[in-house]
Amino acid sequence: MVESILSLLTLLGFPDWLQSVIIIMLKIVVILIPLLTAVAYFTLAERKVIAYMHVRIGPNRVGPRGLLQPIADAVKLMFKEIIIPHGADKALFLFAPVLSMAPALAAWAVIPFEAEMVLAQVDASLLYILALTSMGVYGVIIAGWASNSKYALLGAMRSAAQIVSYEIAMGFALVGVLMAAGSINLGEIVMGQQGGFWHWYWLPLFPLFVIYFISGVAETNRAPFDVAEGESEIVAGFHVDYSGMAFAVFFLAEYANMILVAMLAALMFLGGWLSPFEGIGIFADSWLAAPSILWLLVKTSLFMFLYLWFRATFPRYRYDQIMRLGWKVFIPITIVWILVIGVAIVAEVGPWFAAGVAHG
Amino acid sequence: MAYQPDRSQYPQRRPDGTLDIDLTSGKYLKLWQGPQHPGITGNMSVELTVCGDEVVAGKTHVGYLHRGFEKLMERRTFIQCFPIVCRICVPEPDFNEYCYAAAVEELAGITSPERANWIRTLILEMGRINSYMMYLGGQAGSLGQGVIGQWTTYARDLMLDRFEELTGARIYHMFILPGGVRDGLPEGFKQRMEETLKEIESILKDVYNVMYCNAVFKKRTVGIGYIDPQLLDSYGITGPTARAAGVAKDVRRDQPYLVYDQLDFEPITGKDSDIYTRADVRRRDLLMSVDLIRQILAKMPDSGELMAKLPNVLHWQIPRGETYIRGECSRGEYGYYLVTDGSGYPRRVNVRGPSYTHAVALLERLIVNINIADVAALMVSLHTYPPEIER
């Protein structure tokens, strides 16, 4: 498809540099539109799933079965006034949502949806993602500071400390993955898991898998780690003074980050687009065993559902308990498991490390 | 190892006992919770002075909901006071009706018939279940666990259906009047009540699994908000809050009223006196109420007088006198002090509600040195209803 567009552009007489710019722009649009739609419908899914767990029905008024609810929400937020509080730093106040949203979307540039379906083939894509997800905290801090509100400031401080701490546990969990795969290119990490369900990294890296996902929940400030917006304490935390689209942008960034963390978990620990039926005799030739983007979406949805499940059933941790969990439990476990993986690679354990040190 | 916070930056005490809080130093922050705040139960506010993440001093402010009911009653006939008394405590109105009716009966020299007493006890226990259901939702909600509130609201709704059947109203029943109750049980009520009780028990089982057995819930509540049992008398602490400290204070047993002396029950007590124990005592108390309702329905007479003979209530004059009627509501001891002067109006009605003692003085004491995040949970665990603080 890219070739046909390229030949069309050549026909129309576009210079080469403009052609590649147009192609990249089109690719970005092709990623962003489904992503933003997914974010919108993720909010609906959240409300519906939590409603059913609450023995309620959830939104069902707008459109058939409430399916247009996200659109109604977006329209409502667009028409609302963005109130800038008295005494707020106007420039920073408006800049903070942008700073929060930009990394959340930019991180998607290196996510491979299938073997060759990736916007930017970056060799250090894991590092790029780590760098960008930690950028999001600046949006939070600046929002809390610029709002000139005590609640927002407290929320921002908590959020900053929490994100920075869990970044470390998350980073160590990712070190395990890169040791196992011998690469920090996400595509190669997925290809290293070929061979069926038992070859995926969730099994040898199980503690890291669990810690990665819990840290991911903490990174995105979601329940039970949502102290940054602890409703019963500091009302809504860092975005308490935001309204209209400025608030919506924070909201979109949070949900885009959640989907990102879920997709990364699927890519790194559950074999990405590889089929769970790979290598099982009876499915050998059917479409079920073939790698496809469908599997990636199914696995991502699984983690996205976990997010909602946590939110519906868990009370909120207290801030100091979160910090203790991160520093005193998760980081030691990850360090120990990295040593275990090192030994396993040297000893060429199981199907995962059979290639041994030479793999890396 | 217990968490030891660094309190070196905390304000010093001045010789006169007040805290030396210098807000301009930048070490402390004034933070208001309320009057409109999701973590506060109703319209009151707590003014917190925080240092870091911990509260160094708290001041409660009430008065956002003052309706002047006690004063209002002084210009109303005895029977006209009924629509007012049930609105004193919104979530548990029946206790006000019972206490006020009993006080009027005592001063007027009327005794309510035996069957009416059984129905009154039934209504009080049903109201207790309602109130506890609201508490459970609030306690979990204050920690961000929304699901419990939804489940218990459903359970409370079932009980409200039974109330509607029995009294014709859902929240403010005005069913207990001086001299007795307005009506007997409707047909088939006992069986439908039994179904409701079964449903409530099964919901409570779910609540127990999701809330009380939840590791995060335990982490947030065990050891937080400890009340020294020695404070009970000086602060006037009663009800489940006192029983969670290990003191078996229960007016239903200590000074039986209505038909409680014919029912078989033991006050529920706990040991640790923290938020978790208080929540647990209330859950077990709720189960006890379910059991009490079963006993009442089995033992109550099916026929008999419902209302004693009353004089014309529009010209009802009650001789000079004063009385204090107490009872055990879901939050603690509830009392009505009624003074009459021989006219057609009460001279003075004073309501002693447990929320007043729990939410004002006690809260200010307990709030010191706890995390901001625990303020809401602590406040809910004292089970206070602001409408009852300001009559």
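Just above, that's the structure.
The structure displayed is predicted, hence computed values, not measured ones.

Asks: Before we move on, could you go through the overall build of chain A and cite the residues and values that matter?
Replies: Counting secondary structure elements, chain A contains 12 helices and zero strands. Whereas a compact globule of 360 residues would reach a radius of gyration of roughly 21 Å, chain A reaches 22 Å, a difference of no more than 12%. For the C-alpha atoms alone, the extent of chain A along its principal axes is close to 60 × 60 × 45 Å. Within chain A, buried positions represent 51% of all 360 residues.

Asks: Describe the environment of Leu186 of chain A, with residues and values.
Replies: Residues and elements named next belong to chain A. Following the sequence through the fold, Leu186 ends up in helix H7 (residues 186-191). A relative accessible area of 1% places Leu186 in the buried class. Sequence-wise, Leu186 and Lys328 are 142 residues apart; in three dimensions their C-alpha atoms are separated by 29 Å.

Asks: Now, about the sheet that holds strand E8 (residues 346-352) of chain B: what can you tell me, with residues and values included?
Replies: Residues and elements named next belong to chain B. What the three strands build is an open sheet, ordered E6-E7-E8; its pairing is antiparallel. The open sheet terminates on both sides in strands that have one partner only, identified here as strand E6 (321-329) and E8. Taken over all neighbouring pairs, the strand axes of this sheet differ in orientation by 15° on average, direction set aside. Both E6 and strand E7 (residues 332-340) contribute to a ladder of nine bridges, which runs antiparallel.

Asks: Could you give an account of the side chain of Thr77 of chain B, with specific residues and numbers?
Replies: Secondary-structure assignment places Thr77 of chain B in the loop between helix H1 (69-73) and helix H2 (82-85). Those residues in contact with Thr77 of chain B that lie beyond four places of it in its chain are Leu314, Gly344 and Tyr345 of chain B.

Asks: Give a detailed account of the pattern of salt bridges, specifying residues and quantitative values.
Replies: Residue and element names in this part refer to chain B. This model, assessed by the stated rule, comprises 37 salt bridges over all chains. The residue Glu165 makes a salt bridge to Arg192 at a minimum N-O spacing of 2.5 Å. Here Arg192 lies in helix H6 (residues 189-212) and Glu165 lies in helix H5 (residues 146-167), a separation of 27 residues in the sequence. In this structure, Arg294 engages Glu201 in a salt bridge whose closest nitrogen and oxygen atoms are separated by 3.2 Å. One end of the pair, Arg294, is in helix H11 (residues 275-299); the other, Glu201, is in helix H6, with 93 residues separating them in the sequence. Classification of Arg294 as partly exposed rests on a relative accessible area of 26%. Taking relative accessible area as the criterion, Glu201 reaches 28% and is therefore assigned partly exposed.

Asks: Account for unusual backbone geometry, naming residues and giving values.
Replies: With a phi angle near 60°, Asn148 of chain A is a residue other than glycine that sits in the positive phi range. Positioned with a positive phi, Ser273 of chain B is a non-glycine residue whose angle comes to about 65°. Position of Ser273 of chain B among the secondary structure elements: in the loop between helix H10 (251-254) and H11.

Asks: Can you tell me about the packing of helix H8 (residues 206-219) of chain A against helix H10 (residues 244-269) of chain A, naming the residues and giving the values?
Replies: Residue and element names in this part refer to chain A. Viewed as axis vectors pointing N to C, H8 and H10 meet at an angle of 170°, and their least axial separation amounts to 10 Å. Considering their axes alone, H8 and H10 lie roughly antiparallel with respect to each other. Seen from H8, the contacting residues are Leu208, Phe209, Tyr212, Phe213 and Gly216; seen from H10, they are Val261, Leu264, Ala265, Met268 and Phe269. Taken together, the residues of the contact of H8 with H10 break down into nine nonpolar, one polar and no charged.

Asks: Please set out the interface of chain B and chain A residue by residue, giving values where relevant.
Replies: Listed as interface residues are 30 residues of chain B and, on the opposing side, 23 residues of chain A. When chain B packs against chain A, the two sides together hide about 2600 Å² of surface, and 57% of this comes from carbon and sulfur. Its largest share of buried area at the contact with chain A, chain B owes to Val216, Lys219 and Arg220 of chain B, together 19% of the area lost on that side. Where chain B meets chain A, there are one salt bridge. Salt-bridge contacts for Asp374 of chain B lead to Arg318 of chain A; the nearest nitrogen and oxygen are separated by 3.0 Å. The tally of links between chain B and chain A comes to 11 residue pairs in polar contact (both at pLDDT 80 or more). Broken down by secondary-structure element, the contributors of at least two residues to the side of chain B that touches chain A are strand E1 (28-33), H5, helix H7 (215-221) and helix H13 (372-381) of chain B. Residue contributions to the side of chain B that touches chain A peak at five residues, all from E1 of chain B.

The rules behind the values
- Residues numbered from 1 in each chain as written.
- Chains lettered and ligands numbered in written order.
- Predicted model: local features only at pLDDT ≥ 70, side-chain atom pairs only at ≥ 80, totals over all residues.
- Heavy atoms only, no water.
- Helix = DSSP H or I, 4+ residues; strand = E, 2+ residues; numbered from the N terminus.
- Rg over C-alpha atoms; globule rule 2.2 N^0.38 Å.
- Buried < 20%, exposed > 50% of the residue type's maximum accessible area, 1.4 Å probe, protein only.
- Pairing = 2+ DSSP bridges.
- Axes fitted to C-alpha atoms, helices over the stretch in contact; angles between N-to-C directions.
- Contact = heavy atoms within 4.5 Å.
- Salt bridge = Lys/Arg side-chain N within 4 Å of Asp/Glu carboxyl O.
- Parallel < 35°, antiparallel > 145°, perpendicular 65-115°, else oblique.
- Nonpolar A, V, L, I, M, F, W, Y, C, P; charged D, E, K, R; others polar.
- Buried area = accessible area lost by both parts, 1.4 Å probe.
- Polar contact = N/O pair within 3.5 Å; in protein donor to acceptor, adjacent residues only side chain to side chain.

Function cannot be read off these values alone, since they describe shape.
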